[in-house]
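The primary structure of each chain is shown beneath.
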Amino acid sequence: MRWPESCKFCESPKPRSFAALMDLYEHNYMRLKCLCPPIKDITGHVVSQVSEAHDLHLIVVEQSRHTTTFCLTYEMADNVPRPNLTLRIYHDARQAEVLSSGRDNLAGMSRGLTDAALLHRWRTNRFLYKWLNYCRKQGHGFDQRSSIECVNKYLSMDGLTAQAGVKTS
């Protein structure tokens, strides 16, 4: 999948409408699929490593036929995951949404279209949009080959053998 072009309205600090938010979800889906083409096939915990950048962790929380829920984060030197986003990909709708961002649980927020709820969802998902662009510029990715190489490195440090490209924690 080719990296999608920038989206003019996604750069706006304020949403125009609920439809614009859905477009942002679609752009985030496309970016996530570029960073992690086999997202439907990944289980457990995989790590993308790039020199002179923080390791990017993807931890699958739940998978079903139509959705995948996972955490995407860096693990900082103090072992605190940041920004620690919980995301859900809707494979059939081709959308990705932030469910929680470490301190904020958006899943518990009213699904209503109040201005405050729309603005909060917009800001959080716009952060994901920008962060995914940044991760891509750093060279991060979770293709099967890089995941297996990274897992082999982690497992060899523990004296274990690699299994199917997944580092379990």
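Just above sits the structure.
Residues numbered from 1 in each chain as written. Predicted model: local features only at pLDDT ≥ 70, side-chain atom pairs only at ≥ 80, totals over all residues. Heavy atoms only, no water.

Student: Which parts of the structure should I look at to understand the side chain of His91?
Tutor: The topology assignment puts His91 in the loop between strand S4 (81-90) and strand S5 (95-101). If we ignore the near neighbours within four places in the chain, the residues touching His91 are Tyr29, Ile39, Lys40, Arg65, His66, Thr67 and Thr68. (Helix = DSSP H or I, 4+ residues; strand = E, 2+ residues; numbered from the N terminus. Contact = heavy atoms within 4.5 Å.)

Student: For this particular structure, what's the right way to read helix H2 (residues 115-138)?
Tutor: In an α-helix there are 3.6 residues to a turn, and that puts residues three or four apart on one side. Taking 1.5 Å as the rise per residue, H2 with 24 residues should run 34 Å; its terminal C-alpha atoms sit 34 Å apart, in good agreement. Among the residues trailing H2, Gly139 stands out with phi positive, at a value near 100°. (Expected span 1.5 Å × (residues − 1).)

Student: Would you explain the pairing of strand S2 (residues 56-63) in this entry?
Tutor: If a strand is regular, its side chains alternate between the two faces of the sheet. Relative to S2, strand S1 (residues 45-48) runs antiparallel, the two being bridged by four bridges. Directly across from Val46, in S2, lies its bridge partner Leu58. The pairing of S2 with strand S3 (residues 67-75) spans seven bridges and is antiparallel. In the strand pairing of S3, Leu58 is matched with Leu72. (Pairing = 2+ DSSP bridges.)

Student: Which parts of the structure should I look at to understand the sheet that holds S3?
Tutor: Sheet strands line up and pair through hydrogen bonds in the backbone, either parallel or antiparallel. Spatial strand order, S1-S2-S3-S4-S5: five strands in an open sheet with antiparallel pairing. Both outer strands of the open sheet, S1 and S5, are each paired with one neighbouring strand and no more. The average angle at which neighbouring strand axes cross in this sheet is 25°, direction not considered. As paired strands, S3 and S4 are joined by eight bridges and run antiparallel to one another. Following the sheet pairing, Thr67 is matched in S4 by Tyr90. Sheet strands touched by helix H1 (residues 18-35): S3, S4 and S5. Its angle to S5, the strand with the most contacts, is close to 95°. (Axes fitted to C-alpha atoms, helices over the stretch in contact; angles between N-to-C directions.)

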